[in-house]
Amino acid sequence: MEILACRRPVLVSILKNRKLIKRCNTYSHTQQRSISNIMLRRMDRNPIFKINNPQLSRHFAMMRVLSSVLKLRYLVIGSAVGGGVSVSKKYQEWKDSLPDLSWLDDIFPNNNVANTIQTSLKSIMDTMQDIDFAKIVEDISPIVTKAATPDSKDYKQKLEMSQQELIEIQLKYQKELEKLEKENKELRKILLLAKNHKMNMRKVKKSLIDMYSELLDELNDYDSNYQTQDHLPRVIVIGDQSSGKTSVLEMIAQARIFPRGAGEMMTRAPVKVTLSEGPYHVAQFKDSAREFDLTKESELAELRKEVEVRMKNTVSRGNSVSNEVISMTVRGPGLQRMVLVDLPGIISSVTQGMAPDTRECIRQMTTAHMSNPNAIILCVQDGSVDAERSNVTDLVSQIDPQGRRTILVLTKVDLAEKNMANADRVNKILSGSLFPMKALGYFAVITGKGSQNDSIDSIKEYEEKFFRNSKLFRDSIGISSQLTTRNLSMAVSDCFWKMVRETVEQQADSFKATRYNLETEWKNNFPRYLELDRDELFEKARGEVLNEVVNLSLVSVKDWEEKLNAELWNGISHYIIENVYLPAGYSVNQTNSTASFNTMVDIKLKQWAEEQLPRKSINIGWVVLKDMFKTMFEENQNQKLQASDEILETLKTAVIDEALTRHSWEDKALEMLRVIQLNTLEDRCIKDKHNWDQAAQFLTSTLEHNLKVTDDLLKEMAGPSNYEKWFYWQSSTAEQTKRNNIKYELENLLRSNPNHSNLLSKDEQITISNNLKQKNGTPYELDDIWQTWYLVYRRHYFKTALENAQNIKKQFYHYQETNGVQNEYYDIEMFWRITRMIKVTANVLRQQITNRELRRLHKELKEVLDEYSQNNEIKCKLLTGRRVTLVEELNKVKQIQEKLEDFIQALNKEK
């Protein structure tokens, strides 16, 4: 009766649409196409095209009324007869108002689609016409009248016969409804395919459930980052381990989408499954474009493997479960639209291979998901075991003691009927009288036949056959709507959408208030800044860093070469003095021949230029480039301190350092530089006075610097002088006094023989040791004498060389007249060769930097910036502060608020 009453307004609406189409025959082609689209949307919203609407379950209401009549006796007989007359009238009115389906030809240009839909609709209507409700009422009335007579001797026998006839009628209804549901499923698939065909040239609008699923994903990310409350509804599937929890979800999704194990824990992370209606039965992960065809066993196996891999990847080392949510969408014809979250099963004890805190982690995770006051709790209980062994029911009772959002699902009832001595316990569970926990509804389902390879269709067929023939079903007519996964799915979907409509407005208001608070905080704390998030700040820093390379290219040639000259000499001066100049100079004193100086210098410089000098020069050039870049960067930052954004400094410095670390000089410059340096060092002729003065100045400054360094070392070894002791109150240690005595003896030796070689003979060391012992009364080690001699002779040589350098400064013309034949100018010629080599090398390095290395550095900076832009962890590390987090939080709130408003608008349209 209720079915017919609710269908009539829909059919009247269809007739109105038909009249509208006929009226539009005079319109243009474009106008007719627009009206056709409107009609398609009306058809999609019409209940007649959605036969699997949960309202169909109300056909059992008449059976429950008739069952109650057996107890109310005479008081109900009149109501039954009157109801029959009313049903007959309603049915006749509905039959007369059946529309002509020929108007579908005007909507669907494809005749094949129109014919298919028209045939399916006529089949549905013919099936409904075959049901004679008046006859059913006439057949029932005598049964009710006879069974209601209390004085009848065979009262109980007739009562059982009446119940049997009512069951047969109910089974007939069930078969008809299953047939209609199957035809409706095929019809909706055709309609969806037709709509997709019409919309293939434009952007497809997201379905309502897909919009809601994306909204939940956004809120989940937002909650994990900012610890805000997400109170939007979803269906939380919980249960004890191996209770059939995951199988219930698979039956609702109509596909074996989860990995399975023999008694072991398979669900290791929350899995959010969004069920949506679509023409094809497919599954897709949130972060993947691939669609798995759920009608093919091979792709089902790949999907289960992918779910298992993703679960293992979310679990960190040392843990057994993870809180990270895996999101997937399952689409298919006839699926109830809802969002379900499958959680790991509750365990009683930790087994081998599990982390010690696994049990507590699962309970905390389950409690956290159930704590959402608008979450629907689908509590799955194994019906084949004693109810007292359940762990999950106590946990649910603590979270939802009044049962306002809990639905209890009893699985494996086929095993329960076989194994339980008292099968009435199942009826008590379904009536809510066995468990202390309260619930919105109680359902009994079968999710398997005992084999993991059973298909969903075979399980559904087995489930329906079991409930038709089981003693439980026959003895409990009133609970027929609480049986099968189909009834469960429709009931959960109804409850889900009811909860969504009641709570989504509150969540939107909450985010409006949050957005206002965040915007107020920004205005009060950062009024002079734009609202730039991390990505926008990163792009701003990118431009500033790349501009620094442009500024580096503006450095003058003079600045580059001065810097390179200084750094080149600093880098090679130690080698030149210690390995070339001093050994060659000492050889002159040993051999009393100046020719040996040039010979040794030529050999050592050539060997050095071939093996070490080019690489050393390139390394120095790289250091100069790095120092110049950093110096200019710091100077520019100091000049723009007030205008620059201090929050970018850490990022820019890190990018520059990383690019400079990666930068390496081109290898092909090495060979070219080697040839140039060898040719330069071979020429030792000084051609003009300017070059002579440069070489003399370079020689003098170098000798003065090394003399000062040697004096400082000798002073540190021998202690302060007598002057410093008297006027600066300084004193010497015993070791310094000892070394000072040795220094005094060695200086006397050099004064007596200024041309002494750098080597101190054994006899001379013994003589000095004996003299010191006679003067001071203590013995002196030969090693101490030799160490002191090294510095004393070094200072002596630098003093002598400096005096010679001062003397030859003004002897260029004498050098020019003799054409450099005289050997007393050997040291100035050597330093002229070094000076010219440094100048030429600096020029080559400067050209390499400006022509090649700056471009390569610019490219490497861009590569580093590109890598950092894709790495959120690095950006979060280098761009920090409340200013950054506040903008990101504000943008996230705005995005969620927009999605909420779009969803509410779409929800109101569907409503």
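Keep in mind that what you see is a predicted model, and the values were worked out from it rather than measured.

Participant: Tell me about the pattern of salt bridges, residues and numbers included.
Facilitator: With the rule as written, the count across this model stands at 39 salt bridges. Residue Asp693 is joined to Lys689 by a salt bridge in which the shortest nitrogen-to-oxygen separation is 2.8 Å. In this pair, Asp693 and Lys689 are both assigned in helix H25 (residues 689–718), 4 residues apart and thus about one turn of the helix distant. Using a relative accessible area of 33% as the deciding quantity, one classes Asp693 as partly exposed. One salt bridge connects Arg795 with Asp711, and the closest N-O pair in it is separated by 3.7 Å. A residue pair is termed long-range when its members are at least 10 positions apart, and Arg795 in helix H29 (residues 782–808) and Asp711 in helix H25 qualify at 84 residues.

Participant: Please provide a residue-by-residue account of a nonpolar patch on the surface, values included.
Facilitator: Taken together, Tyr723, Trp726, Phe727 and Tyr728 make up a surface patch of nonpolar side chains, about 600 Å² in accessible area. By the element assignment, Phe727 lies in helix H26 (residues 722–728).

Participant: So, unusual backbone geometry: which residues are in play, and what are the values?
Facilitator: Notably, Gln254 is not glycine yet its phi reads approximately 65°, a positive angle. In the Ramachandran plot, Lys412 falls in the positive-phi region, its phi being about 55° despite a non-glycine side chain. Inspection of the secondary structure assignment puts Lys412 in the loop between strand E8 (406–411) and helix H14 (413–419). By relative accessible area, which is 25% here, Lys412 ends up partly exposed.

Participant: Account for the pairing of strand E2 (residues 271–277), naming residues and giving values.
Facilitator: Counting buried positions over the 7 residues of E2 gives 7, a clear majority of the element. Both faces of E2 are covered, namely the face carrying Val271, Val273, Leu275 and Glu277 and the face carrying Lys272, Thr274 and Ser276. Bridge count between E2 and strand E5 (residues 326–332): 7 bridges; the pairing is parallel. Note that in E5 the partner of Lys272 across the bridge is Ser327. Two strands pair when backbone bridges link them, and E2 and strand E6 (residues 338–342) are joined in this way by 5 bridges, in the antiparallel orientation. The partner of Thr274 across the bridge, within E6, is Val339.

Participant: Could you give an account of the environment of Lys604, naming the residues involved and the relevant values?
Facilitator: Among the structural elements, Lys604 can be located in helix H21 (residues 595–611). For Lys604, a relative accessible area of 27% corresponds to the partly exposed category. Once you skip the residues sitting within four places of it in the chain, Lys604 turns out to touch Tyr575, Asn579, Val580 and Pro583.

Participant: Give a detailed account of the sheet that holds strand E7 (residues 376–382), specifying residues and quantitative values.
Facilitator: Two strands in a sheet stick together by hydrogen bonds in their backbones, pointing the same way (parallel) or opposite ways (antiparallel). Taken together, 9 strands build an open sheet; the order of strands is E4-E3-E5-E2-E6-E1-E7-E8-E9 and the sheet is mixed. Looking at which strands have only one partner, the edges of the open sheet turn out to be strand E4 (292–293) and strand E9 (441–444). As paired strands, E8 and E9 are joined by 4 bridges and run parallel to one another. From the neighbouring strand, Leu408 faces E9, where its bridge partner is Tyr442. Packed on one face of the sheet, helix H10 (residues 245–253) meets strand E1 (235–239), E2, E5, E6, E7 and E8 and runs near 155° to E6.

Participant: Account for the packing of aromatic side chains, naming residues and giving values.
Facilitator: The relative placement of two aromatic rings is captured by the distance of their centres and the angle of their planes. One pass over the structure, following the stated rule, counts 25 aromatic pairs. Taken together, a centroid distance of 5.2 Å and an interplanar angle of 75° make the contact between Phe496 and Trp497 edge-to-face. Across the pair, Trp497 and Phe496 agree in class, each one buried. Each ring, one from Phe812 and one from Tyr813, has its centre 5.5 Å from the other, and the planes form 70°; the classification is edge-to-face. When the ring centre of Phe285 is taken as origin, the NZ or CZ atom of Arg310, which lies over that ring, is 4.0 Å away. Residue placement shows Arg883 over the ring face of Tyr529; its charged tip is 4.0 Å from the ring centre.

Parameters and conventions
Residues numbered from 1 in each chain as written. Predicted model: local features only at pLDDT ≥ 70, side-chain atom pairs only at ≥ 80, totals over all residues. Heavy atoms only, no water. Salt bridge = Lys/Arg side-chain N within 4 Å of Asp/Glu carboxyl O. Helix = DSSP H or I, 4+ residues; strand = E, 2+ residues; numbered from the N terminus. Buried < 20%, exposed > 50% of the residue type's maximum accessible area, 1.4 Å probe, protein only. Patch = residues over 30% accessible without salt bridge, like charges linked within 9 Å, V, L, I, M, F, W, Y side chains within 5 Å. Areas by Shrake-Rupley, 256 points an atom, 1.4 Å probe, with all protein chains shown as cover. Pairing = 2+ DSSP bridges. Contact = heavy atoms within 4.5 Å. Axes fitted to C-alpha atoms, helices over the stretch in contact; angles between N-to-C directions. Phe/Tyr/Trp six-rings, centres within 6.5 Å; stacked < 30°, edge-to-face > 60°. Lys NZ or Arg CZ within 6 Å of the ring centre and 35° of its normal.

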